[in-house]
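# Per-entry structural report
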Amino acid sequence: MPDIDLPTVIFALVALFVAYKLRSVLGMRSDSERPTGGLLAPLRRAPGPANPVVPVDAASSGPTPPAVAADRWKGVADPAAWSGLDAIAAADKSFSPEGFLSGARGAYEIIVHAFAAGESATLRGLMAADAFANFDNAIRARAAAGHTMSTTVVSIDGATIVAAQLAGTMAQIGVRFASKLASVTRDGAGTVVDGSPAEVADHLDLWTFMRDVRSRDPNWRLTATQAER
C-alpha cells in the first residue's frame, strides 16, 4: 500500500473547501438553473442613482398595487429603491433581493479581506474593470511602500438596498453596509503606521453593484465604493 502524504491531503481538502465557499457566494449557472448570483478600504465614489427605467413590457402589463410593492421589498430595501427593484425584477424573473443581499454580504467580507491581504486575483473576479484598477493600484502602492495590512471583519451589522435602477438591460443596485472592522497597517519593521490591532471601528459604506440582466453570467460586479462615515 503506497504511503499517504498527509500534508498534501490536508492541503487538497482546504483548497476544495475554499473553492466551495467561493462558488456558494458568487453563484454558478447551469442550463437547468439560473442562480440569483452573488457579487463585492473605499477607494472610489459611487455614482448617484438615476431615475429607474421601466421596461415597456412591464409598464404595459399595468401598475403594481402599492400594497403589493411595499410588501415585496419591505425589510430588504429603502422605499426609494422599490420602483427600481420592480423594474429589475420585471426584466429578470430570477432576481431575489434576499439572495442578492446574501451574496453581497459574503462578497463584502471576501473583498475586504482580499484587499488587506493584497490578493488582486481574487478581487479581479468580483469587480468591474475600473473598480478593480483602483483597488489594485492601492495594493501596489502599499507594497511599494513596504507596508502590510491586516483587516478582520468583526461583524456585518446590516446590509440594505438603498438604490436601484434599470437602464436598458443594465441593472444597478446600491447597498449600504454597516460593519465593524479591526484593521492595522505596519511598515517593513513591523511598526504600526495606521489603525490598531486592538481597536474595532464602525464603518458605514455604500457599495454599488451592476449586472446585465440578459447576460448568461449570473454574477454581479462591484463598480464603486463610497465611505459614508
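Just above, that's the structure.
Residues numbered from 1 in each chain as written. Predicted model: local features only at pLDDT ≥ 70, side-chain atom pairs only at ≥ 80, totals over all residues. Heavy atoms only, no water.

### Description of the overall build of the protein chain
To keep it simple, the criterion reads: The helix count covers DSSP runs of H or I at least four residues long, the strand count covers runs of E at least two residues long, and both are numbered beginning at the N terminus. For the area figures, the Shrake-Rupley method with a 1.4 Å probe applies, and any residue is considered shielded solely by the protein chains shown.
Looking only at helices and strands, the protein chain has seven helices and five strands in total. Reading the secondary structure of the protein chain in the N-to-C direction produces α-α-α-α-α-α-α-β-β-β-β-β. If you sum the accessible surface of the protein chain, you get close to 12600 Å²; carbon and sulfur atoms cover 57% of it.

### Brief notes about the pattern of salt bridges
Going by this rule: For this document, the term salt bridge refers to a Lys or Arg side-chain nitrogen within 4 Å of an Asp or Glu carboxyl oxygen. The classification of residues rests on relative accessible area computed with a 1.4 Å probe and restricted to protein chains. Under 20% of the type maximum is buried, over 50% is exposed, and intermediate values are partly exposed.
If you walk through the whole model with that rule in mind, you get eight salt bridges. Here R211 and D92 are joined by a salt bridge, their closest N and O atoms 3.1 Å apart. Separated by 119 residues along the polypeptide, R211 in strand β4 (residues 201–212) and D92 in the loop between α4 (82–91) and α5 (97–117) bring together distant segments of the chain. The exposure classification of R211 matches that of D92, with both residues buried. A salt bridge links R221 to D217; the shortest N-O distance between them is 3.0 Å. Residue class for R221 comes out partly exposed when judged on its relative accessible area of 24%. By sharing partners, the salt bridges in this structure join D78, R176 and E228 into a single network.

### Some remarks on the pairing of strand β1 (residues 148–167)
Applied cut-off: Here the rule is simple: two strands pair whenever DSSP picks up at least two bridges between them.
Where β1 meets strand β2 (residues 170–186), 17 bridges bridge the pair, whose relative direction is antiparallel. Of the residues in β2, the one forming a bridge with A167 is M170.

### Focus on the nonpolar core
Spelled out, the test is: Definition used in this section: a nonpolar core is a set of buried Ala, Val, Leu, Ile, Met, Phe, Trp, Tyr and Cys residues joined via side-chain atoms within 4.5 Å.
Membership of the largest hydrophobic core comes to 40 residues, with the highest contact counts inside it found for F95, F100, L123, M127, I173, F177 and F209. Mapped by element, the contributors of at least two residues to this core are α4, α5, α7 (129–144), β1, β2 and β4. Looking at this core element by element, the count peaks at eight residues for α5.

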